[in-house]
Amino acid sequence: MTRFKSGVPPLGIGASLFLFGTASISLVLVTQYLIPFLSGVTGQEYILFWFLGAGLCIFAPFLIVAQYLLHQEGKALNHKVWKGRLRFRSLSISDWFWGIGGIVTISLVTAGIIYLFQTIFGEINLHPPFMAFEPLTPGRYWLLAVWFPFWILNIMGEEILWRGVILPRQEAQFGRWAWLVNALGWLLFHLAFGVELLITLLPILFIVPYIVQRRKNTWLGVLIHAGLNGPGFIAIAFDLL
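Scoring rules and cut-offs
Residues numbered from 1 in each chain as written. Predicted model: local features only at pLDDT ≥ 70, side-chain atom pairs only at ≥ 80, totals over all residues. Heavy atoms only, no water. Helix = DSSP H or I, 4+ residues; strand = E, 2+ residues; numbered from the N terminus. Rg over C-alpha atoms; globule rule 2.2 N^0.38 Å. Buried < 20%, exposed > 50% of the residue type's maximum accessible area, 1.4 Å probe, protein only. Contact = heavy atoms within 4.5 Å. Areas by Shrake-Rupley, 256 points an atom, 1.4 Å probe, with all protein chains shown as cover. Polar contact = N/O pair within 3.5 Å; in protein donor to acceptor, adjacent residues only side chain to side chain. Core = buried A, V, L, I, M, F, W, Y, C linked by side-chain atoms within 4.5 Å. Expected span 1.5 Å × (residues − 1). Bend = angle between axes of the 7 residues up to and from the residue. Axes fitted to C-alpha atoms, helices over the stretch in contact; angles between N-to-C directions. Left-handed = near helix turned anticlockwise from the far one by under 90°. Nonpolar A, V, L, I, M, F, W, Y, C, P; charged D, E, K, R; others polar.

(A) Structural detail: the overall build of the protein chain. Regarding its fold elements, the protein chain presents eight helices and zero strands. In sequence order, the secondary structure elements of the protein chain are arranged as α-α-α-α-α-α-α-α. Compactness check: the protein chain gives a C-alpha radius of gyration of 18 Å against a globular reference of 18 Å for 241 residues, within 12% of the reference. Summarising its shape, the C-alpha atoms of the protein chain cover approximately 55 × 40 × 30 Å along the three principal directions. Buried residues in the protein chain amount to 44% of all 241 residues. A fraction of 77% describes how many contacts in the protein chain between residues 6 or more apart in sequence connect residues 24 or more apart. Taken as a whole, the protein chain presents about 12300 Å² of accessible surface, with 70% of it coming from carbon and sulfur.

(B) Main features of the side chain of His225. Within the fold, His225 resides in helix H8 (residues 219-237). A polar contact of 2.8 Å, which involves the side chain of His225, links it to the side chain of Glu159. Residue contacts for His225: discarding those within four places in its chain leaves Asn154, Ile155, Glu158, Glu159, Trp186 and Ile204.

(C) Representation of the nonpolar core. Core analysis: the largest hydrophobic core is formed by 59 residues, its most contacted members being Trp50, Phe51, Phe62, Trp162, Ile166, Trp186 and Phe189. At the level of elements, helix H1 (13-42), helix H2 (46-72), helix H4 (93-121), helix H5 (143-174), helix H6 (178-189), helix H7 (195-215) and H8 are the ones that each hand at least two residues to this core. It is H5 that provides the largest number of residues to this core, a total of 13 residues. Once you skip the residues sitting within four places of it in the chain, Phe189 turns out to touch Phe20, Ala23, Ser24, Leu27, Ile58, Phe59, Phe62, Glu158 and Trp162.

(D) Spotlight on the side chain of Ser24. Among the structural elements, Ser24 can be located in helix H1. Among all residues touching Ser24, those that are not within four sequence positions of it are Leu188, Phe189 and Leu191.

(E) The arrangement of H8 in detail. The terminal C-alpha atoms of H8 lie 26 Å apart, and with 19 residues this matches the ideal 27 Å at 1.5 Å per residue to within 8%. Taken together, the buried positions of H8 are Leu220, Gly221, Val222, Ile224, His225, Ala226, Gly230, Phe233, Ala235 and Ala237. Residues of H8 that are buried in the fold lie against H2, H4, H5, H6 and H7. In the segment just after H8, Asp239 is the residue with positive phi, at about 60°.

(F) The arrangement of H2 in detail. The terminal C-alpha atoms of H2, which comprises 27 residues, lie 37 Å apart, in line with the 39 Å expected from a rise of 1.5 Å per residue. The largest bend in H2 amounts to roughly 45° and is located at Gly55. With its phi angle positive at about 80°, Gly74 sits one or two positions after the end of H2.

(G) Quick look at unusual backbone geometry. A positive phi is found at Arg87, a non-glycine position, where the angle reads about 65°. For Arg87, the position within the fold is in the loop between helix H3 (79-83) and H4. Note on Arg87: relative accessible area 6%, which makes it buried. Even without glycine at this site, Lys216 takes up a positive phi of about 55°. Along the chain, Lys216 falls in the loop between H7 and H8. Residue Lys216 is classed as partly exposed on the basis of its relative accessible area, which comes to 32%.

(H) Spatial organisation of the packing of H6 against H7. At their nearest, the axes of H6 and H7 sit 8 Å apart, and the two run at 145° to each other. For the crossing formed where H6 meets H7, the hand is right-handed. Where H6 abuts H7, its residues Ala178, Trp179, Leu180, Asn182, Ala183, Leu184, Trp186 and Leu187 lie against Leu198, Leu202, Ile204, Leu205, Phe206, Val208, Pro209, Tyr210 and Gln213. For the contact of H6 with H7, the per-class residue count stands at 15 nonpolar, two polar and no charged.

(I) Structural detail: the environment of Glu196. Here Glu196 is to be found in helix H7. As for Glu196 and Phe117, which are separated by 79 residues in sequence, their C-alpha atoms are 9.0 Å apart. Setting aside residues no more than four positions away along its own chain, Glu196 makes contact with Ile124, Asn125 and Leu126.

Shown next, in the form of structure tokens:
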């Protein structure tokens with residue numbers, strides 16, 4: 001196997017486009033066809049099949065793809081690879097500063113974008129049909145038991161693949177601008193979310209790859225991604241937003 005100075009093989013535009021593009025198409029198929037079909041057949045609300053469909057058909061396969069790409073590099077997933085190649089390293093005080101600062105910055109910029117949109121265009125729809133649901137009532141609290149494993153799989157599936165496996169390979173190809181290529185790929189993956197929601201996601205889509213590359217620590221992607229995604233869902237689920 002060819003050895004590279006960075007320890008990982010570079011990943012160019014074509015391969016990056018293929019990986020993010022294939023994931024994007026898969027997400028479109030799940031959200032536009034699979035979820036409506038399953039909801040129509042069972043009579044259950046869309047959000048249930050967003051958890052099940054995206055979890056099993058998108059984010060779980062991300063872990064398989066990540067393992068395959070590591071195998072292509074001649075690596076097996078173990079503690080050394082987890083901390084070294086995938087860069088899941090202990091968070092330093094500086095890392096915590098960057099992580100919490102990232103959460104605060106993304107929250108403020110996102111709130112500013114939403115306020116600006118509402119001022120200019122009035123009400124905007126931030127809930128695609130496949131994610132729309134009424135606030136939870138006591139008889140529907142069981143959905144939280146479905147959401148929680150989905151949330152873990154969503155965050156870890158994306159961060160292991162996009163930031164753990166792919167970003168270091170993009171760094172080997174694009175150097176200091178790898179985060180931007182990673183961010184554009186992540187944006188491509190989210191096209192199924194629709195234009196309005198996608199625009200409000202721009203802060204997290206670009207800031208997370210930047211911070212992870214800057215600090216060389218994939219746990220920061222997990223921290224920021226989970227720290228925004230989880231509380232955000234809970235707030236919507238209990239009608240706090």
